[in-house]
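# Observations on chain architecture
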Amino acid sequence: MTDFLRLDFAALLAAMLAGGTCGLLGSFLVLRRESLLGDALSHAVLPGIVVGFALTGLRSAWPMLLGALGAALLATVAITWIRRAARLEAGAATGLVFTGFFALGLVLLEVTGARNADLDIDCVLFGQLETLVWLEAAGLASLLDPAALAGLPRQLGLLAGVALAACLFVAAFWRPLKLLCFDPDFARSLGLRVGRWEILLNLMIAAAAVAAFEAVGSILVIALLVCPAAALRLMTDRYAVQVWGGAALGAGLGAAGVLLAGPLPAALGLDFALSAAGLIGTLAGLTVAVALQRRRRFQAL
Amino acid sequence: MSAPPVEIQGLTVRYGERPALTGVNWTAAPGLTAILGPNGAGKSTLLKAALGLIPAAEGQVRFFGLPLEQARPRLAYLPQRASVDWDFPASALDVVAMARLPRTRWFGRLPRAEREAARAALAAVGMADFADRQIGRLSGGQQQRVFLARALAQEADLFLMDEPLAAVDVVTEQTILAVLHGLVRAGKSVLMVHHDLSLVQAHFDQVLILAGRVVGAGPVAEAFTEPAIARAFGGLPGRTPTEAAA
């Protein structure tokens, strides 16, 4: 038990929080038919992260989160502006902005010298779940011991904060968000400031992407934003099941990835462990495939 | 004499460089008005620009003598059915209840009384039995009636409707027309983008005929004339009022 708490517990918690938050907010991307925007936002935050890091010189979560939110805000405004000014479809404007922002981020990485800090490409792609350990844990009692809890990886604090904010946001603004996803024109005719709601939603998604990014890497953030929501989209006709089910499925995928990464190859008689992040991604993809199969069979009946 | 439901002055709307509507001056009389014209005449554009859904290059619109923001609680909008994704995971009642959002706090659950108001609106269009059905499992006509119920649930004085009678079944057409006449009897006004010229004489009080600008406007008996229709539709055979009414 102590081994589990010390080696796997923090990673399990991080994967579940990241998966749950991304799975929750992903439904709004999928329902608004804007799945690409999750990809875009998670890349467009890079210049903000670098600036946050360069200004403070700290590899601490909060300056980077603030920088990322600033970049996400700019990116959202830029996408809207380019759509209007150039009369482009949403996907084209989104693609333009996120490649531009990501490129700017890469340049800033070089210019500010942040590249020499420890932004390593494996970590960017696949995250660092395996490095999240809790060496202060000495048994179940540690779960209630403030001194031991303070030794939990700092990423968990950010992940938990963003997860809580996302849940409160979705629960509190349940009805405006539903209307915004279903019929933005009608929402506007009622006097809702649709543009402001979109910015707020995008900021939540950017915050989730940044918090989850450190734990599970950039590719998996995108998978977790899209896969659980897409799978639920194929499985249910009910809005509440779609939204909260997406969160549950995302958290479940995160847990399964961490818990199975070791035992799964062992059960197959293989002499290595899998990357937890990679396994989460694979399971997420498989879930969508299974949902699609079930849906096909259901419709054939 | 109270202010007219809609008063449009010098309204011009452009999509990029291309003008969609040019210099529209028009004042609606109370009652049921059909907005007629060929495809691309700017009918939907007029409704959307009036409601501020798309920006107007020039001009102003007043409702009951008030600017849009102040008049909003008295307006209801029924968009084209094709403008939303009907696979969306929502029930018919969910969709109608969306109309009650401005009457409630934006956070938390929908109060029971609001839910009952939405249910009553569904009943008014003959859809009470379908309240809990997912909207994708309704027929096209039933979906159109759900949209009408949502507009009714806004409890407005002026209804702006974008083709509620397009491609619907007979039951739906009868239901919608009955509801419209009921609204007018109750002193409400309706502006409706409409395609089927054969229904105009029997059911509408006024027409506004568009072809990128105002081609004709006024009471049906005076403005719904062969030359006006011919000007708007480019004199297409079989589309004149006399033939359509025959």
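Reading guide: rules and limits
- Residues numbered from 1 in each chain as written.
- Chains lettered and ligands numbered in written order.
- Predicted model: local features only at pLDDT ≥ 70, side-chain atom pairs only at ≥ 80, totals over all residues.
- Pairing = 2+ DSSP bridges.
- Helix = DSSP H or I, 4+ residues; strand = E, 2+ residues; numbered from the N terminus.
- Axes fitted to C-alpha atoms, helices over the stretch in contact; angles between N-to-C directions.
- Contact = placed C-beta atoms within 7 Å.
- Expected span 1.5 Å × (residues − 1).
- Buried ≥ 20, exposed ≤ 12 C-beta atoms within 10 Å, placed from the backbone.
- Nonpolar A, V, L, I, M, F, W, Y, C, P; charged D, E, K, R; others polar.
- pLDDT = per-residue confidence, 0-100.
- Core = buried A, V, L, I, M, F, W, Y, C linked by C-beta atoms within 7 Å.
- Parallel < 35°, antiparallel > 145°, perpendicular 65-115°, else oblique.
- Left-handed = near helix turned anticlockwise from the far one by under 90°.

### Let's talk about the sheet that holds strand 4 (residues 58-63) of chain B
All names here are of chain B. Taken in spatial order, the three strands of this open sheet run 2-1-4, and their pairing is antiparallel. In this open sheet, the two strands that pair with only one neighbour each are strand 2 (18-27) and strand 4. Across the sheet, the axes of successive neighbouring strands diverge by a mean angle of 20°, strand direction being ignored. As defined by bridge partners, strand 1 (residues 6-15) adjoins strand 4 across five bridges and the pair is classed as antiparallel. Of the residues in strand 4, the one forming a bridge with Glu7 is Arg62. The sheet strands contacting helix 1 (residues 43-50) are strand 1, strand 2 and strand 4, and the helix crosses strand 1 at an angle near 110°.

### A word on the sheet that holds strand 3 (residues 32-36) of chain B
Strand pairing within a sheet occurs via backbone hydrogen bonds; the two strands may be parallel or antiparallel. Residue and element names in this part refer to chain B. The six strands are arranged 5-6-7-3-8-9 in an open sheet whose pairing can be described as mixed. What marks the edges here is a single partner per strand, and that holds for strand 5 (75-78) and strand 9 (214-219). Looking at each pair of strands side by side, their axes are set apart by 10° on average, direction ignored. Against the sheet, helix 1 contacts strand 3, strand 6 (158-162), strand 7 (189-193) and strand 8 (206-210), and its axis sits at roughly 140° relative to strand 6.

### A closer look at helix 5 (residues 90-112) of chain A
All names here are of chain A. In this model, helix 5 (23 residues) spans 32 Å end to end at C-alpha, consistent with the 33 Å of a helix rising 1.5 Å per residue. Within helix 5 the residues assigned to the buried category are Ala93, Thr94, Val97, Phe98, Phe101, Gly105 and Leu109. Check the buried side of helix 5 and you find it contacts helix 2 (35-44), helix 3 (46-56) and helix 4 (61-86). Where helix 5 terminates, the next one or two residues include Gly113, which has phi positive at roughly 80°.

### A closer look at the interface of chain A and chain B
Taken residue by residue, the interface counts 20 residues in chain A and 19 residues in chain B. Elements with a minimum of two residues in the side of chain A that touches chain B: helix 9 (174-182), helix 10 (184-189) and helix 13 (239-260) of chain A. For the side of chain A that touches chain B, the class distribution of residues is nine nonpolar, four polar and seven charged.

### Describing the confidence of the model for chain B
Residue and element names in this part refer to chain B. Mean pLDDT over chain B works out to 90, with 95% of the residues at or above the 70 mark. Per-element confidence in chain B is highest for strand 5, whose mean pLDDT is 97, and lowest for helix 10 (residues 241-245), whose mean pLDDT is 46. Confidence drops under a pLDDT of 50 for residues 235-246, and excluding neighbours within four residues, the segment shows 20 contacts in the predicted structure. The ipTM, which scores confidence in the relative placement of chains, is 0.90 for this predicted complex, and the corresponding pTM is 0.88.

### Overview of the nonpolar core
Residues Ala14 and Ala15 of chain A together with Val96 of chain B are the most contacted members of the largest nonpolar core, which totals 180 residues. With 18 residues, the top contributor of residues to this core is helix 1 (residues 2-31) of chain A.

### A look at unusual backbone geometry
All names here are of chain B. One non-glycine residue, Phe64, lies in the positive phi region at around 50°. Mapped onto the fold, Phe64 is located in the loop between strand 4 and helix 2 (68-71). Look at Phe64 and you get partly exposed, because 17 C-beta atoms sit within 10 Å. A positive phi angle, near 50°, is found at Glu155, a position not held by glycine.

### What about the packing of helix 1 of chain A against helix 11 (residues 194-216) of chain A?
Residues and elements named next belong to chain A. Relative to each other, helix 1 and helix 11 sit at 150°, their axes nearing to 9 Å. Between helix 1 and helix 11, the angle is such that the two are roughly antiparallel. As for how helix 1 packs across helix 11, the hand of that crossing is left-handed. Two secondary-structure elements touch here, helix 1 through Ala14, Ala15, Ala18, Thr21, Cys22, Leu25 and Phe28 and helix 11 through Leu201, Met204, Ile205, Ala208, Ala211, Ala212, Ala215 and Val216.

### Side note on the pairing of strand 5 of chain B
Residue and element names in this part refer to chain B. Along strand 5, one buried face is formed by Leu75 and Tyr77 and the opposite face, lined by Ala76 and Leu78, is buried too. The pairing of strand 5 with strand 6 spans four bridges and is classified as parallel. Following the sheet pairing, Leu78 is matched in strand 6 by Met161.

### What to know about helix 4 of chain A
Residue and element names in this part refer to chain A. Under the 1.5 Å per step criterion, the end-to-end length of helix 4 is 36 Å for 26 residues, consistent within 8% with the ideal 38 Å. For helix 4, the full list of buried residues reads Met64, Leu65, Gly67, Ala68, Ala71, Ala72, Ala75, Thr76 and Ile79. Where the residues of helix 4 are buried, they touch helix 2, helix 3, helix 5, helix 8 (155-172) and helix 11. At the exit of helix 4 stands Arg87, carrying a positive phi of roughly 50°.

### Describing the environment of Ile79 of chain A
Residue and element names in this part refer to chain A. Counting through the fold element by element, Ile79 comes out in helix 4. In sequence terms Ile79 and Leu140 are 61 residues apart; their C-alpha atoms lie 49 Å from each other. The contacts of Ile79, once residues within four sequence positions are left out, are Ala93, Thr94 and Val97.

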